[in-house]
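An overview of the molecular structure
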Amino acid sequence: DNVKEGLKIVKKLSDEEATKIAFIIDNVAYIVGGTNNGQDVTDFWKFDPSKSEENKWTRLREIKDDSSDDYNSITRTYGCAFVIDGQAYITLGQTSGSSLRNNYWIYDPNTDLWRSSDTEDDFDYTPFEGSARTKAICFSTGKRGIITTGGSSGYYYDDTWELHPYEWEEDD
């Protein structure tokens with residue numbers, strides 16, 4: 001019974017799957033986006049380690065809506081994510097056609113729905129004002145999302161941005 005402790009491979013991903021975005025909410029991992037054979041991937045998965053082995057992976061609703069081009073802007077590769085108050089924010093990245101994204105989308109696992117930073121609702125979201133980029137690093141600290149580094153077209157950024165979703169600008 002010589003069991004070696006440490007990391008072990010539990011699932012192998014293709015190169016296309018390696019470009020996906022991941023985030024964790026309440027001990028459940030979510031994986032979204034990426035490209036496959038040059039096309040944006042619209043499937044969305046969650047991994048719940050508390051479930052039985054055959055039910056750990058669950059496919060959620062697709063992240064596309066043929067009636068709205070805006071909803072299709074969720075799809076991206078080389079983007080990043082952070083979590084604030086049980087909701088995931090995905091931002092930056094690019095499409096399979098190399099168009100850069102600088103918008104962000106908010107995912108609520110309680111409703112399994114996404115809303116855009118451009119959505120008209122009870123919040124006045126602060127848009128990302130930095131340069132669009134890929135391969136940035138994102139994380140959250142309390143009530144703020146941090147976006148740092150990344151690059152595009154051979155240029156590498158060294159700036160750091162904070163998203164303050166609960167701070168509103170007053171009209172002058």
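See the structure shown above.
Residues numbered from 1 in each chain as written. Predicted model: local features only at pLDDT ≥ 70, side-chain atom pairs only at ≥ 80, totals over all residues. Heavy atoms only, no water.

**A short note on the overall build of the chain**
Cut-off, in case you're wondering: Note on conventions: DSSP H or I runs of at least 4 residues are helices, E runs of at least 2 residues are strands, and numbering of each starts at the N terminus. The buried label applies to any residue whose accessible area, calculated with a 1.4 Å probe on protein chains only, is under 20% of its type's maximum; exposed applies above 50%, and partly exposed to all values in between. In this analysis, two residues are considered to be in contact whenever any of their non-hydrogen atoms come within 4.5 Å of each other. To measure how exposed things are, a 1.4 Å probe is used in the Shrake-Rupley method; for residues, cover is taken only from the protein chains shown.
A tally of helices and strands in the chain yields 0 helices and 15 strands. Out of the 172 residues belonging to the chain, those deemed buried represent 41%. Intrachain contacts of the chain at a sequence separation of at least 6 include 40% that bridge at least 24 residues. For the chain, the accessible area works out to roughly 10,900 Å², and carbon and sulfur atoms hold 45% of it.

**So, the pairing of strand S12 (residues 144-148)**
Put simply, the rule reads: For two strands to be treated as a pair, DSSP must find no fewer than two bridges joining them.
Among the 5 residues of S12, 4 are classified as buried, and the element is accordingly described as predominantly covered. Two elements, strand S11 (residues 137-141) and S12, share 5 bridges in a ladder whose sense is antiparallel. Within S12, the position partnered with Ile 137 by the bridge is Thr 148. Hairpin geometry of S11 and S12 is characterised by an intervening segment of 2 residues between the two adjacent antiparallel strands and by a positive phi of about 65° at Gly 142. Across 4 bridges, S12 lies against strand S15 (residues 160-163) in antiparallel orientation. Its bridge partner being in S15, Thr 148 is matched across the sheet by Thr 160.

**Considering the nonpolar core**
Heads up, the rule is: Residues enter a nonpolar core if they are buried and are Ala, Val, Leu, Ile, Met, Phe, Trp, Tyr or Cys, with the set joined through side-chain atoms within 4.5 Å.
The biggest cluster of nonpolar side chains holds 16 residues, and the ones touching the most others in it are Phe 23, Tyr 30, Val 32, Phe 44, Ile 90, Tyr 107 and Trp 114. For this core, the elements supplying multiple residues, two or more each, are strand S1 (21-25), strand S2 (28-32), strand S8 (87-91) and strand S9 (104-108). Judged by nonpolar contacts, the second largest core, of 12 residues, contains Phe 82, Leu 92, Ile 106 and Leu 163.

**Some thoughts on the environment of Trp 105**
Counted only if it meets this: N or O atoms within 3.5 Å of each other form a polar contact, as long as, within protein, one can give a hydrogen and the other can take it, and as long as residues adjacent in sequence are counted only when both atoms are side-chain atoms.
Inspection of the secondary structure puts Trp 105 in strand S9. In the structure, Trp 105 is positioned 15 residues away from Ile 90 in sequence and 5.4 Å away in space, judged by C-alpha atoms. Side-chain polar atoms of Trp 105 contact the side chain of Ser 73, separated by 3.0 Å.

**With respect to the sheet that holds S11**
For clarity, the threshold we go by: Under this scheme, a helix contributes an axis fitted over its contacting stretch, all axes are lines through C-alpha atoms, and angles between N-to-C directions fall in the 0 to 180 degree range.
With antiparallel pairing, the 3 strands of this open sheet are ordered in space as S11-S12-S15. The sheet is open, and its two edges are formed by S11 and S15, each paired on a single side. Taking the axes of each pair of neighbouring strands and ignoring which way they run, one obtains an average angle of 20° across the sheet.

**Looking at the environment of Ile 31**
Its place among the elements puts Ile 31 in strand S2. With 13 residues separating them in the primary sequence, Ile 31 and Phe 44 have C-alpha atoms 6.0 Å apart.

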